[in-house]
Amino acid sequence: MSSKKPQSLPDAVPVSLAEIARIAGVGRAAVSNWRRRHDSFPSRIGGTDVSPQFSLAQVEQWLRDNGKLKDIAGRELLWPRFETLGSRDESGLTIAEAARRMRDPRARGAAASTGLSSEARVLAQDAAKLGRAEGSHETFEFLLQRWLETHVRQLSTTPPQLATLMARAALRARQGESDGPLTVFDPACGTGHLPAAAAEESGEKGASVLGCERDPALAALARARFGFLTDEEPHLHTRISTADALREDPFAEDTADIALCNPPFNERDWGYEELATDQRWTHGLPPRTEPELAWVQHLLAHLRPGGSAVVVLPPAVASRKAGRRIRSSLLRTGALRAVVALPPGSAQPHSVSLQLWILRAAPSGSEATRGGQDALLIDATSFARPGAREAGPDWSALDSFVLKALETLDHPDQTPPEGAAHIPLLDLLDDEVDVTPGRYIAAGTEASSSELTQSWDELASSLTELSTHTAQLSDLRFATESAQTQTTVADLVKAGVLTLHTGKQPPRTGTAAPDSVPLLTVPDLLMDGSPSTHLPADEAQEHATVAEDGDVVVAGVVRAFRAWVHEGPAVALGPQLHALRVDPERLDAHFLAGCLRAPANGRQAGTHTSSSSRVDIRRLQVRQLPLEEQAVYADTFRRLSAFERLLVRTGALGKELADGVSDRMSTHGLVPGPAVRSRAHQPD
């Protein structure tokens, strides 16, 4: 196919092989196979032989003519047109304009579309038409998520799980009740993740949202987001302004019950000279190098008595010398009530352990509590999950831990959970005024004598079990007969022995709820294998691929390739994950999983171009055996999996014991016993 010459189609919307695969809901290898096998496949119009580009219109027509589109939503075909706009700002403003037209079909040529190119206005109208057909809110969320993913290097967004945690923390820290509905404030709201989470978590009707964002595209998208939310909750009132909140505060006369903020970090040009005499700096003029402390005081200036604020800050703000006088004032007045050290990967930049500062305005009247006596420091860095930091920490455990610690915020006589502590101000107000939690909280408590004995017993039990598995597996014999015939997953699908279901990214995700469905993704597999996000029940039913008990799940990417039989409640599958549902009268699920997960199988079916290359699931091979014989092999495959898991667990337990014993011996916490002393004095 590379011999075809590119056609000159200047008006064509270009799409890559990866985009075609996403549109058709298949792997890239399948698209490459179509190019080789079908002369009718569109010729490339640009790019290179290695990274060719094709006309979206021609690709769409070919997919339709050849029955390859299946049930893929039209929004997948729409997104490449947004990418052709080129400009981050214009594509963002076009999505916002499309949202406006989705909500009001009669809206045309209004002020919101001023400045958009004619191409962008046509695209906004087409997107609005599609949204009204496929679901306006879902289509907007899909486009917004794609836009954020495309420009992830230029934008710093707050993950939904962190936004939820911050909202819950602010509501927990707030003291007293307001006279009217809850008011939420965010002076650097981006696309509105934080105030939207607060409005949802509060559950109050008639809540008000005050948001400010200096980036016009982000502000427009935030207005679009809240437009849909107010359609669903008419009592929700929102005001989103486009302005630099520090320099030209549009809400100078407004106060709020809770404030949330993820401000820009390390900006030197934040208005130091022109704001030197600003009345907001009640705790001191922030140094030029401490813009984050300007945001902290800005939030406090907008809180009602007893109101609370939660702000994301880089860890250096807790200890930099330039900010110690302001930190001291915040502590003495009781404005800084708690500091939470988050695990790396909680938000951008993912390599840094960011912090949450929990602030509170002085309560009024009889509601006032004794402030400025201590601060609650919470070290949650241990909730990081091993592996890729970008996938985030163990959000469920992190959320539970932080909220449990905050229950003791105004009760210093109560003992917070391990990893949190009430630190007296006398210990904090030294020459450094360092409020870094890790400085005051031990990383962990040393194991007691009984716990150490239990760990040794567990290790001995694991080694015994490992020895049993070793003896049984080593009894396997080399086959003497000729090799058995093999078939492929594709052939099994054609024969009706199994059905193949491909995972996909749903438009919306969220946190755990009673009726939600866990969403498993490839990044989850690269960490501990536990789903990090959930889908609302209706979202899972309508848009997700769900693996049921007994399905064989396969990860179709080289770096995470594996196959296993899913057991337990249903779980939704993200992109590059597949569910194989077998006919139990013809095929044993555990036998199938054992055959599929063989490393050699993954290698022969992979594309081998990079660590993120896909595995063509349909090319994976399976031995052909009678059902009775499959059961024998299935039992051995299960034992082999158990052996592998036990080997990992035993190694981790042994390393933990070795490190712990070494630490205790170096500090005289453990001493050699008589048997060890006797052996030490025996000649070699």
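Keep in mind that what you see is a predicted model, and the values were worked out from it rather than measured.

1. A word on the packing of aromatic side chains
Piece 1. All chains considered together, the criterion is met by 11 aromatic pairs.
Piece 2. Judged by centre distance (4.9 Å) and plane angle (70 degrees), the ring pair of F41 and W62 falls under edge-to-face. Remark: W62 occurs in helix α3 (residues 56-65) and F41 occurs in the loop between α2 (28-37) and β2 (44-47); sequence separation between them is 21 residues. Like F41, the residue W62 is buried in the burial classification.
Piece 3. Seen in terms of ring centroids, F185 and F251 are 6.2 Å apart; in terms of plane orientation they differ by 85 degrees. Their pairing is edge-to-face.

2. Some thoughts on the packing of helix α20 (residues 589-596) against helix α22 (residues 627-666)
Relative placement of two packed helices is described by the angle separating their axes and the distance separating the axes.
Piece 1. One can describe the packing of α20 onto α22 by two numbers: an axis separation of 8 Å at closest approach and a directional angle of 60 degrees. By the angle between their directions, the pair α20 and α22 is classed as oblique. In terms of crossing hand, the pair formed by α20 and α22 is left-handed. Counting all contacts with α20, which are made through H590, F591, G594 and C595, the residues of α22 involved are Q630, Y633, A634, F637 and R638.
Piece 2. Partitioning the contact of α20 with α22 into residue classes produces 5 nonpolar, 3 polar and 1 charged.

3. Looking at helix α5 (residues 88-103)
Piece 1. Relative to the 22 Å expected for 16 residues at 1.5 Å per residue, α5 spans 23 Å between its end C-alpha atoms, a close match to the ideal helical length.
Piece 2. Among the 16 residues of α5, 12 are classified as buried, and the element is accordingly described as predominantly covered.
Piece 3. Within α5, burial applies to R88, E90, S91, G92, T94, I95, A96, E97, A98, A99, R101 and M102.
Piece 4. Of the surrounding secondary structure, the elements contacted by the buried residues of α5 are α4 (74-83), α6 (118-134), α7 (136-150) and α10 (216-232).
Piece 5. Near the N-terminus of α5, the side chain that reaches the backbone nitrogen of D89, with its oxygen 3.2 Å away, is that of S87.

4. Let's talk about the nonpolar core
Piece 1. Counting 46 residues, the largest nonpolar core has L162, L356 and L406 as its most contacted members.
Piece 2. If one sorts the elements of this core by residue count, helix α8 (residues 160-173) sits on top with 8 residues.
Piece 3. Setting aside its immediate chain neighbours within four residues, L162 contacts V312, L342, S346, A347, L356 and W395.
Piece 4. Listed in part, the 44 residues of the second largest apolar core include F251, C261, I423 and L425.

5. Some words on α8
Piece 1. With 14 residues, α8 should reach 20 Å at 1.5 Å per residue; the first-to-last C-alpha distance of 20 Å fits that figure.
Piece 2. With respect to burial, α8 is a largely interior element, 10 of its 14 residues being buried.
Piece 3. Q161, L162, A163, T164, L165, M166, A167, A169, A170 and A173 are the residues of α8 that are buried.
Piece 4. In the core, the buried residues of α8 are packed alongside α9 (193-202), β7 (256-261), β8 (303-313), β10 (355-360), α13 (395-406) and β16 (533-535).

6. Some points on the sheet that holds strand β1 (residues 14-16)
Piece 1. In space, the 3 strands of this open sheet follow the order β1-β3-β2, with antiparallel pairing throughout. Looking at which strands have only one partner, the edges of the open sheet turn out to be β1 and β2. The mean angle between the axes of side-by-side strands here comes to 45 degrees, regardless of whether they run parallel or antiparallel.
Piece 2. Alignment of β1 against strand β3 (residues 52-55), held across 3 bridges, turns out to be antiparallel.

7. Focus on the pattern of salt bridges
Piece 1. Under the defined criterion, the tally for this structure stands at 30 salt bridges.
Piece 2. Measuring nitrogen to oxygen at the nearest pair gives 3.1 Å for the salt bridge that ties D399 to R168. Pair noted here: D399 is in helix α13 and R168 is in helix α8, with a separation of 231 residues, a long-range link.
Piece 3. With relative accessibility at 12%, the residue D399 sits in the buried group.
Piece 4. Across the pair R247 and E274 runs a salt bridge, and its minimum N-O distance is 2.7 Å. Taken together, the positions of R247 in the loop between β6 (237-242) and β7 and E274 in the loop between β7 and α11 (291-301) put the pair 27 residues apart, joining distant regions of the chain.
Piece 5. Linked through salt bridges whose partners overlap, the residues forming this network are D244, R247, D269 and E274.

8. As for the sheet that holds β10
Piece 1. Ordered in space as β6-β5-β4-β7-β8-β10-β9-β11-β12, the 9 strands form an open sheet in which the pairing is mixed. The sheet is open, and its two edges are formed by β6 and β12 (420-424), each paired on a single side. The sheet shows a mean angle of 15 degrees between the axes of neighbouring strands, direction not considered.
Piece 2. Pairing between β8 and β10: 6 bridges, direction antiparallel. Bridge assignment links L313 to a residue of β10, and that residue is Q355.
Piece 3. Across the sheet, α10 touches β5 (208-213) and β6, and the angle it forms with β6 is around 170 degrees.
Piece 4. Each of β9 (336-341), β10, β11 (374-379) and β12 touches α13; the most contacted strand, β11, lies at about 165 degrees to it.

9. Comments concerning the pairing of β9
Piece 1. In terms of burial, β9 is a largely internal element, 6 of the 6 residues being buried.
Piece 2. Of the pairings in the sheet, the one linking β9 to β10 comprises 5 bridges and is antiparallel in character. For A338, the partnering residue across the bridge sits in β10 and is I358.
Piece 3. Judged from the 4 bridges that link them, β9 and β11 form a sheet pairing that is parallel. From the neighbouring strand, V339 faces β11, where its bridge partner is L377.

10. Describing the environment of R172
Piece 1. Tracing the backbone shows R172 in helix α8.
Piece 2. By relative accessible area, which is 37% here, R172 ends up partly exposed.
Piece 3. C-alpha separation for the pair R172 and E407, spaced 235 residues apart in sequence, amounts to 7.5 Å.
Piece 4. Polar contacts involving the side chain of R172 include one to the main-chain carbonyl oxygen of L403, which spans 2.8 Å.

Reading guide: rules and limits
- Residues numbered from 1 in each chain as written.
- Predicted model: local features only at pLDDT ≥ 70, side-chain atom pairs only at ≥ 80, totals over all residues.
- Heavy atoms only, no water.
- Phe/Tyr/Trp six-rings, centres within 6.5 Å; stacked < 30°, edge-to-face > 60°.
- Helix = DSSP H or I, 4+ residues; strand = E, 2+ residues; numbered from the N terminus.
- Buried < 20%, exposed > 50% of the residue type's maximum accessible area, 1.4 Å probe, protein only.
- Axes fitted to C-alpha atoms, helices over the stretch in contact; angles between N-to-C directions.
- Parallel < 35°, antiparallel > 145°, perpendicular 65-115°, else oblique.
- Left-handed = near helix turned anticlockwise from the far one by under 90°.
- Contact = heavy atoms within 4.5 Å.
- Nonpolar A, V, L, I, M, F, W, Y, C, P; charged D, E, K, R; others polar.
- Expected span 1.5 Å × (residues − 1).
- Polar contact = N/O pair within 3.5 Å; in protein donor to acceptor, adjacent residues only side chain to side chain.
- Core = buried A, V, L, I, M, F, W, Y, C linked by side-chain atoms within 4.5 Å.
- Pairing = 2+ DSSP bridges.
- Salt bridge = Lys/Arg side-chain N within 4 Å of Asp/Glu carboxyl O.

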